[in-house]
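# An overview of the molecular structure
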Amino acid sequence: MARRPSPTCLVAAASLLLATGAAYPAAVYRAVTAPTHVSEISSPPPADEVYPAGGVADAATWYIADSGQNRVVTATSKGFSGVLSSAVSGGWKHPKAIAADPDAVHLWVADTDNQRVVEIDTSTGHQVKSITSGISSPYGLVADASRVYVANTYGHDVRAYRKTGTLAWSLASCLGEPLSRVRGVALGSDGRLYATDTDNARILVIDPVNGRCLSAFGAKGKGNGQYNQPWALANDGHGGLWVADSGNYRAEHVTNGGAFIAATNSSFGSGANQFATLHCVFMNGAELDVCDTDNHRIESYGVSPGGVPTYRTDTVFASPAPAEFNQPVGVSFAGNGDLYVTDSFNQRVVVCRTPSNICDRTFGGIGGTGGHFRYPRGIEVVGSTVWVADSENQRVESFTLAGGFLKLYKPTGTTLLRDYSVAIDPSDGSIWVTDTYHDRIVNFAADGTVRRSWGAGTTKPAGIAVDPKGDVFVSDSGGNRVLKCSASGSCTTLAGPGTSAGHVENPNGLTVVGDELYVADSNNNRVQVFSLTGSFVMQFGQGVLGSPRDAAVDPSGTYAYVTNNQKNSISVWRL
């Protein structure tokens, strides 16, 4: 249980309680000593640490969308050169793609988690304009003289915008099949637009004038001309395309009609001519450059029309140290006081010793096999087992406290889509997850048997926690609510939308501590504490926290540790 001073009988005036007019339990205020900020656990990254997610070449200069450090940088084959743009309006938030404008003066950037496309001036790095209407987590883009074409990934469509910002057309299906997580676009030498329909493992051929889908090619597989999670595209300049075939760990060369020409070596790893995450391909004369994002490098190949690509070199940027977080999300304590943190964009779990707050162990790494992650988010330590919501691999994994891989868990008969959080039911050991992008909660046994699945009207449920009585607490991030639910999905609202105490905006991680519920109130930049019946207890973090994602209390009940996501640190508070 979180330690705090004994309560006194100070309750807010009835008029204040009634002023909310809400259907959820009114906040009951009592005098407590607010937690005090102690420190931040972090290690600032060096300037030359780069997460290359998108790239474009201008002679010897590369312009790179650095998704990990939220900026646009320049580099050459010799390494990092400098920062072109780090301070546009509102700041960058995980930019994933970059494209040159035909005017040779401007660049277009997919500012992915800000839900927009931004035009910047290459001479200053300053913002010229942004396009936001209808944009949902764009991962790819390309421009011609009059339009910008966008892979609108989580809108599941391809969009064309006039450079004034107005929509020219959108395409959400092709040949009778809905698009699913389109990630890359390129204009071919034949004047047509090409797009990667990632989850459907195909390449679309589109008329750029009217958005009509002309044809598609490719199928899921490992063979020539087949794909597994095709990501980005590049025009080879000779009537063909390069495809970042990310799930097969290769770049594949095909004609504009889909006929196979050649491919790089297909191998997962961090060695020469291997890949961990192929997130971009771009041409630089007779050279193909490939973004290997989570290996912090760009791999370069000599290419020729119809020839086999020849590996040349790696341009390697700096990699993160153990205490250098990049979008930390989940936190949970082991009984010995060790703190386990999902360091999401570094694809790992970091272990910190408390109260010395020394972080010196990691486990995981990028990948799809057991023991590896793709954007791990939620985490819960139960006894001697560490449970991790391996979000982009659509599964849950378990580990020993030492980081040894134990087992993969997936529900049978259904799939997850970006499961953000995991909780273990103390009554029977079953697994609860927020199936975030399916807008539902799933409970399944260790053998995968689905026991329950319900939505309760949630939109993007993010956090989940289960108390000893079997009550399930859910943060409905899209609906700006915290819910208390029965195991069968009958729910009441504990906290509704708003900015005042007892209200939430984009709530994320939830933690049950004794008879209290800790809520990471992300958009209000604070942590709120409620009783398990919904009475407001206290809040802390304003002015220090930036988009907190989770909170945990140490075994002694002395300190709370919060993932200070926006500031890439763990915030420590004395209770």
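Look a little higher up for the structure.
Before going into details, it helps to say that this report is about the structure given with it. Keep in mind that this is a model prediction, so the values were computed, not measured. Just so you know, the residues in each chain are numbered from 1, in the order the chain's sequence is written. With the structure being a predicted model, the display of local features is reserved for residues of pLDDT at least 70 and the display and counting of side-chain atom pairs for 80 or more, all residues being used for whole-chain, interface and lining totals. Just so you know, side-chain values use all the structure's heavy atoms and leave hydrogens and water out.

### Quick word on the sheet that holds strand S13 (residues 167–171)
Any two strands with at least two DSSP bridges between them are considered paired. What counts as a helix is a DSSP run of H or I of at least four residues, what counts as a strand is a run of E of at least two, and both are numbered from the N terminus. Taking strand neighbours across the sheet as the criterion, the four strands line up as S10-S11-S12-S13 in an open arrangement whose pairing is antiparallel. Every interior strand has two partners, whereas the edge strands, strand S10 (140–143) and S13, have only one. Strand-to-strand twist in this sheet, taken as the mean axis angle between neighbours without regard to direction, amounts to 15°. As paired strands, strand S11 (residues 147–152) and strand S12 (residues 157–162) are joined by six bridges and run antiparallel to one another. Considered in S12, the bridge of Val148 is made with Tyr161. Every axis in this analysis is a line fitted to C-alpha atoms, fitted for helices over the stretch in contact. Angles between the N-to-C directions lie between 0 and 180 degrees.

### A few points about the sheet that holds strand S1 (residues 36–41)
Pairing within the open sheet is antiparallel, and its four strands lie in the order S1-S50-S49-S48. Since the sheet does not close on itself, it has two edges, and those belong to S1 and strand S48 (548–553), each with one partner. On average, each strand axis in the sheet is inclined to that of its neighbour by 25°, with strand direction left out of account. Of the pairings in the sheet, the one linking S48 to strand S49 (residues 559–564) comprises four bridges and is antiparallel in character. Bridging across to S49, Val553 finds its partner in Ala560.

### Some remarks on the pattern of salt bridges
Opposite charge on two side chains permits pairing when their charged atoms draw close. Salt bridge criterion: a side-chain nitrogen from Lys or Arg within 4 Å of a carboxyl oxygen from Asp or Glu. The full count for this structure, using the stated rule, is 28 salt bridges. For the salt bridge of Arg116 with Asp111, the shortest nitrogen-to-oxygen distance reads 2.6 Å. With its nearest N and O atoms 3.1 Å apart, the salt bridge here joins Glu299 to Arg297. Exposure remark for Glu299: the relative accessible area of 0% places this residue in the buried category. Think of it in three bands: residues with accessible area under 20% of the maximum for their type are buried, residues over 50% are exposed, and the middle band is partly exposed, with areas taken using a 1.4 Å probe on protein chains only. Its relative accessible area of 3% is what places Arg297 among the buried residues. Where salt bridges share partners, they join Arg181, Asp199, Arg377, Glu392 and Arg418 into one cluster.

### A closer look at the packing of aromatic side chains
For Phe, Tyr and Trp, rings pair up if their centres lie within 6.5 Å, where Trp contributes its six-membered ring, and each pair is then called stacked (planes under 30 degrees apart), edge-to-face (over 60) or tilted (otherwise). Here the structure, examined in full by the defined rule, presents 18 aromatic pairs. Considering the side-chain rings of Phe275 and Tyr301, the 6.4 Å spacing of their centres and the 35° angle between planes classify their relative orientation as tilted. Remark: Tyr301 occurs in strand S26 (residues 297–302) and Phe275 occurs in the loop between strand S23 (260–263) and strand S24 (278–284); sequence separation between them is 26 residues. For the pair shown, Phe275 and Tyr301 are each scored as buried.

### Some details on the state of the cysteines
Throughout, disulfides are identified as pairs of cysteine sulfur atoms within 2.5 Å of each other. Within this structure, the stated rule accounts for four disulfides. Disulfide pairing is shown between Cys485 and Cys491; the S-S distance is 2.1 Å. With the S-S bond torsion at 110°, the cross-link from Cys485 to Cys491 turns out right-handed. For Cys485, a relative accessible area of 2% gives the class buried. The partly exposed category is assigned to Cys491, whose relative accessible area is 27%. The connectivity of the disulfide bonds within the chain can be written as 1-2, 3-4, 5-6, 7-8, using the sequence rank of each bonded cysteine.

### Brief notes about the pairing of S49
The buried count for S49 comes to five of six residues, which makes it a mostly enclosed element. Counting the residues that bridge the hairpin from S48 to S49 gives five residues, and of these Gly557 lies at a positive phi of roughly 75°. Bridge count between S49 and strand S50 (residues 569–574): six bridges; the pairing is antiparallel. When the bridges of S50 are listed, Ala560 appears paired with Trp573. As consecutive antiparallel partners, S49 and S50 are separated by four residues, and within that stretch Asn568 has a phi angle of approximately 55°, a positive value.

### Let's talk about the side chain of Arg374
Tracing the backbone shows Arg374 in the loop between strand S31 (358–364) and strand S32 (376–382). Comment: no salt bridge for buried Arg374; closest opposite-charge side chain is Asp294, at 5.7 Å. Between two residues, a contact is recorded if the distance between any of their heavy atoms is within 4.5 Å. If sequence neighbours within four positions are ignored, Arg374 has contacts with Tyr249, Ala276, Thr277, Gln347, Ile366, Gly367, Gly368, Asp390, Ser391, Glu392 and Asn393. When charges are counted, Lys and Arg are positive and Asp and Glu negative, with His and the chain ends excluded.

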